[in-house]
Amino acid sequence: NHLTKEEVQKEEQQEEGHQSKEELQVEHETQDHEKKEQQDEEQLKEDKQENRQEEVQLEQQWEEEQTEQQQQEEQPKEEQQNEQQEKQQQEEQKEEQQNE
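An account of the accompanying structure is given in this report. (Residues numbered from 1 in each chain as written. Predicted model: local features only at pLDDT ≥ 70, side-chain atom pairs only at ≥ 80, totals over all residues. Heavy atoms only, no water.)

**What about the overall build of the protein chain?**
Formally: Numbered from the N terminus, helices here are DSSP runs of H or I no shorter than four residues, and strands are runs of E no shorter than two. Radius of gyration: over C-alpha atoms. The globule rule applied is 2.2 Å multiplied by the number of residues raised to the 0.38 power. Per-residue accessibility, obtained with a 1.4 Å probe over protein chains only, is compared with the maximum for each type, and a residue is labelled buried under 20%, exposed over 50%, and partly exposed between these values. Computed by Shrake-Rupley with a 1.4 Å probe, the accessible areas treat only the displayed protein chains as cover when residues are assessed. We treat Lys and Arg as the positive residues and Asp and Glu as the negative residues; His and chain ends play no part in the count. The location of each charge is read from NZ of Lys, CZ of Arg, CG of Asp or CD of Glu.
When you go through the protein chain residue by residue, the secondary structure sums to one helix and zero strands. Taken over C-alpha atoms, the radius of gyration comes to 43 Å for the protein chain, far larger than the 13 Å a tight globule of 100 residues would show. In the protein chain, buried positions account for 0% of the 100 residues. Total accessible area computed for the protein chain in this model is approximately 10,800 Å², and 39% of it derives from carbon and sulfur atoms. Separation of charge centres in the protein chain, based on 11 positive and 37 negative side chains, amounts to 8 Å.

**What about the environment of E22?**
Residue position: E22 is located in helix α1 (residues 5–99). Classification of E22 by relative accessible area gives partly exposed; the value is 45%. For the pair E22 and E34, spaced twelve residues apart in sequence, the C-alpha separation works out to 18 Å.

**Some remarks on the pattern of salt bridges**
The line we're drawing: Salt bridges are counted wherever a side-chain nitrogen of Lys or Arg sits within 4 Å of a carboxyl oxygen of Asp or Glu.
Enumeration over the complete set of coordinates arrives at two salt bridges. With its nearest N and O atoms 3.2 Å apart, the salt bridge here joins D40 to K36. Note that D40 and K36 are positioned in helix α1 at a spacing of four residues, about one turn of the helix. For E55, the salt bridge is made with R52, and the minimal N-O distance between the two is 3.0 Å. A residue pair is termed a helical-turn pair when its members lie 3 or 4 positions apart in one helix, as E55 and R52 do in helix α1 at three residues.

**Observations regarding a negative patch on the surface**
The cut-off we apply is this: What goes into a patch is any residue over 30% in relative accessible area without a salt bridge, connected to like charges within 9 Å or, for nonpolar side chains (Val, Leu, Ile, Met, Phe, Trp, Tyr), within 5 Å.
Together, E34, E37, E41, E42, E46, D47, E50 and E54 make up a negatively charged patch on the protein surface. With respect to the helices, strands and loops of the structure, E41 is situated in helix α1. The exposure class of E41 is exposed, given its relative accessible area of 52%.

**Notes on the environment of H28**
Note that H28 resides in helix α1. We classify H28 as partly exposed; its relative accessible area is 47%. As for H28 and K87, which are separated by 59 residues in sequence, their C-alpha atoms are 87 Å apart.

In structure tokens:
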């Protein structure tokens, strides 16, 4: 099975062509993979940002609730104090009346 020089070159070229196709595919897959990784990273960044925003919102909400709670707790205190003052005044008035 003797091949002429030209035929040998042709076969080698075909093999080279075949090889470079495979190489191209590998390169392509590598690029795809890198692209995918980049997309994943960006997605991760976005997710983190969204999570951070949610955290901030939750923190703000929590602070607002705390503030409201405090106000609600302080209100009865004030009312109690007022009542006590009134009682004291009434007591004093009673005493004064008794003294008279």
